[in-house]
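Observations on the model geometry
What follows is the residue order along each chain.
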Amino acid sequence: MTEDHGARVIIVGAGPAGATLAFLLASRGLRVTLLERQSDFAREFRGEALTPSGVIALREMGLGGILESVPTARPVLFEGYNRRERFLRLELEEEIFGENSPRFVSQPHMLEAIIAESARHPGFRFERGATVGALLHRDGRACGVQARTEAGAVEFEADLVIGADGRSSRVRRAAQFEVDVDRVAMDVVWCKLPLPRTFEAVPQAHFYLGNAHLLICYRAPDDKLQLAWVILKGTWGELRSRGVESWVEEMANHVSGDLASHLRENCDRISQPFLLSTAAERVRSWCKPGVLLIGDAAHTHSPVGAQGINIALRDSIVAANHLVRAMRAGGGGAELDAAARRIELERVPEVRAIQRMQAQPPKLVLRAGWRGERVRGLTKLLRFPLVRAIAARAARPFAFGVTQVELRV
Ligand SMILES: Cc1cc2nc3c(=O)[nH]c(=O)nc-3n(C[C@H](O)[C@H](O)[C@H](O)COP(=O)(O)OP(=O)(O)OC[C@H]3O[C@@H](n4cnc5c(N)ncnc54)[C@H](O)[C@@H]3O)c2cc1C
């Protein structure tokens, strides 16, 4: 049953942040309308790496079953190479993470499954193909949105508008939130290849370092080899203009012999490469009267440590904790705005800490003139258990988050 707490919440954007928050509100008997511009989630690639913190967040929400039912690739091996030589080999499940080990989860399938779960609750309304363009205001407070739908322009009234509409958030622009931007010195080229046999036999993820170069590859949920090639910002135009054979050769020169051969042999089977231009951004405040931003709309991340989806899921849990209570308590504008401020206060420390940590590795790995000696020295030390323990501790925030995030409603 939907509880009749007058408050109506609109969430703009059905990515990981918006879809899970809509599910949490609707499954607690509250009314929520979710607006999504895409009619098919498969039209945009948003990455698919879930770290343990993201896996744990989904389980806490009661959505853990989805992880078993949607296409997923769960690497059991993680290998690191420096100048083509392997220096790191971790058996992920047994050695470190147990049932919450990192995995690659098809986001279109995951989001559809969350929508289907949400639709079991009467308070949930989902509008596909609804592109929000403007905010509605009354008495100095946002009171809804205007969206373009197949049926034409439609106005949706709300007591709180939540912008979960990603890195180019329309809600953020419409409400004139101020944004701080940290330049990130790298971009990422994404492309896919047929799966090499070694990855078929044992699902795994590798990274290759060397000569201001970083390539990450893993077996994706669609059983292809996903490549993420980290390059210096602004260099893709020139690389691409040289033609696919030339830039594939550039990759092949820095990876182990088996992968280099696979890249060269499958050069003509590389699927549509595209560039992810990276930046670390954050809004100065996450809320204004009648509006709250969460997920990428409030803070984008560099790709280091694959944090974006996972942090978005943790935003959603904290947002639900505060909003469910405020809505059950009457949910007037003042209560909802106060809840929005508490959400911001609770989430900012983790977001800032992660952004600061993400800023360090690119400086080391991609610095012009870098020749790998420093990293090679460090990686040799990883043979010693004490050094491994220190490294694991340093990486822990990327795996498990920085602050305590628990669903309490
Ligand atoms: C190529 C790529 C690879 C990535 N790889 C990873 C990874 O491996 N691991 C990881 O953790 N993170 C990764 N990220 C980052 C991750 O995608 C985001 O951090 C995460 O999806 C943020 O979730 P979100 O719900 O806040 O926003 P999004 O996932 O961006 O969702 C926003 C939603 O809002 C909708 N929308 C936008 N504008 C409007 C509008 N005006 N009206 C209605 N709807 C609207 C969009 O269609 C979208 O569905 C990657 C990102 C990209 C682009």
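Here, the structure is the one placed above.
Residues numbered from 1 in each chain as written. Predicted model: local features only at pLDDT ≥ 70, side-chain atom pairs only at ≥ 80, totals over all residues. Heavy atoms only, no water.

Of all six residues that make up strand β14 (residues 204–209), six are buried, and the element is covered over most of its length. Where burial is concerned, the two faces of β14 agree: the one with Gln204, His206 and Tyr208 and the one with Ala205, Phe207 and Leu209 are both buried. Both strand β5 (residues 77–82) and β14 contribute to a ladder of six bridges, which runs parallel. Bridge assignment links Tyr81 to a residue of β14, and that residue is Tyr208. Pairing between β14 and strand β15 (residues 214–219): five bridges, direction antiparallel. Among the inter-strand pairings, Leu209 is bridged to a residue of β15, identified as Leu214. If you look at the hairpin formed by β14 and β15, you'll find four residues sitting between the two strands, and Gly210 has a positive phi there, around 150°. (Buried < 20%, exposed > 50% of the residue type's maximum accessible area, 1.4 Å probe, protein only. Helix = DSSP H or I, 4+ residues; strand = E, 2+ residues; numbered from the N terminus. Pairing = 2+ DSSP bridges.)

Take the sheet that holds strand β10 (residues 141–149) next. Pairing within the open sheet is antiparallel, and its three strands lie in the order β9-β10-β11. Both outer strands of the open sheet, β9 (131–138) and β11 (152–157), are each paired with one neighbouring strand and no more. The average undirected angle you get between the axes of adjacent strands in this sheet is 25°. In this sheet, β10 lies alongside β9 in antiparallel orientation, the contact comprising seven bridges. Looking across to β10, one finds that Leu136 is bridged to Gly144. (Axes fitted to C-alpha atoms, helices over the stretch in contact; angles between N-to-C directions.)

Right, let's get into the site of the ligand. Near the ligand, the surroundings consist of 33 residues, among which Ala17, Glu36, Arg46, Asp296 and Ile309 are the closest. A distance of 3.4 Å separates an oxygen atom of the ligand from a polar backbone atom of Glu48. In isolation the ligand offers 1,000 Å² of accessible surface; the protein chains occlude 90% of this area. For the shell around the ligand, the elements supplying multiple residues, two or more each, are α1 (16–27), β2 (32–36), β9, β17 (271–283) and α11 (308–328). Here the shell around the ligand takes four residues from α11, the largest share from any one element. (Near = heavy atom within 4 Å. Polar contact = N/O pair within 3.5 Å; in protein donor to acceptor, adjacent residues only side chain to side chain. Areas by Shrake-Rupley, 256 points an atom, 1.4 Å probe, with all protein chains shown as cover.)

Before going further, it helps to spend a moment on the nonpolar core. Ile11, Leu21, Leu25, Val145, Ile162 and Leu323 are the most contacted members of the largest nonpolar core, which totals 103 residues. Residue contacts for Ile162: discarding those within four places in its chain leaves Val9, Ile10, Ile11, Val12, Leu21, Leu292, Ile294 and Leu323. Among the nonpolar cores identified, the runner-up in size contains 25 residues, and Cys191, Phe199, Leu225 and Trp247 belong to it. (Core = buried A, V, L, I, M, F, W, Y, C linked by side-chain atoms within 4.5 Å. Contact = heavy atoms within 4.5 Å.)

Across all of its chains, the model carries 22 salt bridges by this definition. Here Glu350 makes a salt bridge to Arg314, at a shortest N to O gap of 2.7 Å. Of this pair, Glu350 sits in helix α12 (residues 333–365) while Arg314 sits in helix α11; the two residues are 36 residues apart in sequence, bridging distant segments of the chain. As far as the burial class goes, Glu350 and Arg314 line up, both buried. Two residues, Arg347 and Glu350, come together in a salt bridge whose shortest N-O distance is 2.9 Å. (Salt bridge = Lys/Arg side-chain N within 4 Å of Asp/Glu carboxyl O.)

With that settled, consider a positive patch on the surface. A contiguous patch of positive charge, built from Arg325, Arg341, Arg342 and Arg408, is present on the exposed surface. Looking at the element boundaries, Arg325 is found in helix α11. On the accessibility criterion, Arg325 (44% relative accessible area) is partly exposed. (Patch = residues over 30% accessible without salt bridge, like charges linked within 9 Å, V, L, I, M, F, W, Y side chains within 5 Å. Lys, Arg positive; Asp, Glu negative; His and termini not counted. Charge placed at Lys NZ, Arg CZ, Asp CG, Glu CD.)

This part covers the layout of surface pockets. Put simply, the second largest pocket is a space of about 370 Å³. Lining the second largest pocket are 21 residues, and of these Phe45, Glu48, Lys192, Asp222 and Gln226 lie nearest its centre. Of all the secondary structure elements, the ones that give two or more residues to the lining of the second largest pocket are α5 (107–118), β13 (179–194) and β17. Classifying every residue of the lining of the second largest pocket by side-chain character gives eight nonpolar, seven polar and six charged. (1 Å grid on protein atoms, 1.4 Å probe; cavity = no way out; pocket = protein on both sides within 12 Å on 5 of 7 lines; lining within 4 Å. Points joined across faces, edges and corners; volume = space filled by probe spheres on them. Nonpolar A, V, L, I, M, F, W, Y, C, P; charged D, E, K, R; others polar.)

For the rest of this paragraph, the subject is the packing of aromatic side chains. With the rule as written, the count across this model stands at 10 aromatic pairs. Ring centres of Tyr81 and Tyr208 lie 4.7 Å apart, and the angle between their planes is 20°; this geometry places the pair in the stacked category. With Tyr81 in strand β5 and Tyr208 in strand β14, this residue pair connects regions lying 127 residues apart in the sequence. By the burial criterion, Tyr81 is buried, and Tyr208 matches it. (Phe/Tyr/Trp six-rings, centres within 6.5 Å; stacked < 30°, edge-to-face > 60°.)

For Gln226, the location among the structural elements is in strand β16 (residues 224–232). For Gln226, the side chain forms a polar contact with the main-chain oxygen of Cys191, separated by 3.1 Å. Ignoring any residue separated from it by four or fewer positions in sequence, one finds Gln226 in contact with Phe45, Glu48, Trp190, Cys191, Lys192, Ile216, Cys217, Tyr218 and Ala220.

Let's shift gears to the environment of Arg342. Note on placement: Arg342 falls in helix α12. Taking the C-alpha atoms as reference points, Arg342 and Ala319, separated by 23 residues in sequence, lie 8.7 Å from one another. A distance of 3.5 Å separates polar atoms of two side chains, one belonging to Arg342 and the other to His322.

Regular strands have side chains that alternate between both faces of the sheet. Bridge analysis of β13 against β17 gives 10 bridges, and the strand direction is antiparallel. Paired with Asp187 across the strands is Ser277, a residue of β17. Pairing of β17 with strand β20 (residues 299–300), which is carried by two bridges, proceeds in the antiparallel orientation. Residue Arg282 lies in a different strand from β20, and its bridge partner there is His299.

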